[in-house]
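Letter by letter, the chains look like this.
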Amino acid sequence: MKLAILGPPGSGKGTQSTKLAHRLGIKHISTGDILRTAVKDKTPLGKKAHEFINSGQLVPDELMIGIVKERIAEKDCKNGFILDGFPRTIPQAQMLDKNIALDQVIFFDVSEEECSRRLSSRQICTQCGQIYNPTTRPPLRAGKCDKCKGPLATREDDKPETVKKRLKVYREQTEPVVEFYKQSERLSVMGKSGTPDEIFEYLVNLVESHERGRAAGRA
Ligand code: AP5
Ligand code: MG
């Protein structure tokens, strides 16, 4: 199964795609995580991407398209994958259309106010990237990751002024991608609100009912 999850910063893409990939036995590919690892390791990609990420801008398409094209061609993506944070521009969506057929694109329709509220208190593990929040997903021990015991920190791009910029960039460059998939009838909208666990159950239903629809269409 090949899926993509779209949605504004803070809409829960990372929280849900990690769990969904695990449930479906497919690979979770987060372009944000790939970039943050590159920045941490000071690779040539990380050096190029750092300024864009920290100023809330998108990393240029020519870089992102190459990275994702190579990543989805790897062996571990053979059974399928969930793209989290890609595509975010029309050229990125067009590249995917040329190279693979996505089975479903899910749009997390969450208000900007709610996204900003969530991002103002998000923490992530600096070692494994696990996502936390003091209200909806607190760690068992304050400041420590449940999974790998790594230290938790706030993301550099979660400063209020950078979040504002990211939301603006999302409106201008990624909302047209939502429209692009709506027109080609591959879009499912997740418009529910609830706890992360409740959203996960809705999401699983959304994926399963889409799969049943596709299977019926093939029969
Ligand atoms: P990326 O890492 O993809 O950031 P983003 O899209 O801005 O989204 P976030 O990761 O901030 O939010 P999320 O939707 O994953 O929410 P989360 O699950 O963490 O990209 C970062 C940067 O990299 C970009 O700005 C850009 O520079 C660059 N980049 C990446 N991809 C690119 C691309 N394709 N092209 C160009 N540049 C690219 O949840 C947020 C918080 O809410 C957490 O605290 C969580 O615990 C909490 N939460 C989750 N669900 C709920 C719920 N239901 N109720 C209450 N709280 C909840
Ligand atoms: Mg994320």
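Residues numbered from 1 in each chain as written. Chains lettered and ligands numbered in written order. Predicted model: local features only at pLDDT ≥ 70, side-chain atom pairs only at ≥ 80, totals over all residues. Heavy atoms only, no water.

### Things to note about the site of ligand 1
At step 1: Lining the immediate environment of ligand 1, one finds 35 residues, of which Thr-15, Gln-57, Arg-88, Arg-122 and Arg-166 sit closest.
At step 2: One nitrogen or oxygen atom from the side chain of Gln-92 is found 2.9 Å from a nitrogen atom belonging to ligand 1.
At step 3: In isolation ligand 1 exposes 1000 Å². Once the protein is present, 97% of that is buried.
At step 4: The element best represented in the shell around ligand 1 is helix H2 (residues 31–40), accounting for four residues. (Near = heavy atom within 4 Å. Polar contact = N/O pair within 3.5 Å; in protein donor to acceptor, adjacent residues only side chain to side chain. Areas by Shrake-Rupley, 256 points an atom, 1.4 Å probe, with all protein chains shown as cover. Helix = DSSP H or I, 4+ residues; strand = E, 2+ residues; numbered from the N terminus.)

### Overview of the sheet that holds strand S1 (residues 2–6)
At step 1: One open sheet accounts for five strands, arranged S2-S3-S1-S4-S8; its pairing is parallel. With one partner strand each, in any of the chains shown, strand S2 (27–30) and strand S8 (187–190) form the two edges of the open sheet. Within the sheet, the average angular offset between the axes of one strand and its neighbour, ignoring direction, is 20°.
At step 2: Relative to strand S3 (residues 81–84), S1 is paired through four bridges, and the arrangement is parallel. Residue pairing in the sheet places Lys-2 in a bridge with Phe-81 of S3. (Pairing = 2+ DSSP bridges. Axes fitted to C-alpha atoms, helices over the stretch in contact; angles between N-to-C directions.)

### Quick notes on helix H1 (residues 13–24)
At step 1: Over its 12 residues, H1 runs 16 Å from end to end, which matches the ideal 16 Å to within 8%, given 1.5 Å per residue.
At step 2: Along H1, the positions that sit buried rather than exposed are Lys-13, Gly-14, Gln-16, Ser-17, Leu-20 and Ala-21. Seen from one end, H1 has its buried residues packed into an arc of 160°, which puts them on one side.
At step 3: For H1, the elements touching its buried residues are S1, S2, S3, strand S4 (104–108), strand S6 (131–132) and helix H8 (196–218).
At step 4: Backbone geometry just downstream of H1 places Gly-25 in the positive-phi region, at approximately 70°. (Expected span 1.5 Å × (residues − 1). Buried < 20%, exposed > 50% of the residue type's maximum accessible area, 1.4 Å probe, protein only. Arc of directions from axis to C-beta. Contact = heavy atoms within 4.5 Å.)

### Structural notes on unusual backbone geometry
At step 1: Cis geometry marks the peptide bond from Phe-86 to Pro-87; its omega dihedral reads 5°.
At step 2: Relative to the helices and strands, Pro-87 is located in the loop between S3 and helix H5 (90–99).
At step 3: Unlike most non-glycine residues, Lys-149 shows phi in positive territory, near 65°.
At step 4: The topology assignment puts Lys-149 in the loop between S6 and strand S7 (152–153).

### What about the nonpolar core?
At step 1: Of all hydrophobic cores here, the largest spans 30 residues; its most connected members are Leu-35, Ile-72, Phe-81, Leu-83, Leu-96, Leu-102 and Tyr-181.
At step 2: Of all the elements in the fold, those that place two or more residues in this core are S1, H2, helix H3 (44–54), helix H4 (61–72), S3, H5, S4 and helix H7 (160–183).
At step 3: Examining the composition of this core, we find that five residues originate from one element, H4, more than from any other.
At step 4: Not counting residues up to four positions away in its chain, the partners in contact with Tyr-181 are Leu-6, Pro-87, Ala-93, Leu-96, Leu-102, Val-105, Arg-186 and Leu-187.
At step 5: Grouped together as the second largest cluster of nonpolar side chains are 19 residues, Phe-108, Leu-167, Met-190 and Val-204 included. (Core = buried A, V, L, I, M, F, W, Y, C linked by side-chain atoms within 4.5 Å.)

### Some points on the environment of Phe-52
At step 1: With respect to the helices, strands and loops of the structure, Phe-52 is situated in helix H3.
At step 2: When its relative accessible area of 31% is taken as the criterion, Phe-52 is described as partly exposed.
At step 3: Distance in space between the C-alpha atoms of Phe-52 and Asp-157 is 9.9 Å, their sequence separation being 105 residues.
At step 4: In this structure Phe-52 touches Gln-57, Leu-58, Val-59 and Pro-60, once residues within four positions along its chain are discounted.

### Here's the deal with the packing of aromatic side chains
At step 1: Counted by the stated rule, this structure contains one aromatic pair.
At step 2: Judged by centre distance (5.1 Å) and plane angle (90°), the ring pair of Phe-180 and Tyr-181 falls under edge-to-face.
At step 3: Residue classification places Tyr-181 among the buried positions, given a relative accessible area of 0%.
At step 4: A cation over an aromatic ring shows up here: Lys-19 above the ring of Phe-200, its NZ or CZ 4.5 Å from the ring centre. (Phe/Tyr/Trp six-rings, centres within 6.5 Å; stacked < 30°, edge-to-face > 60°. Lys NZ or Arg CZ within 6 Å of the ring centre and 35° of its normal.)

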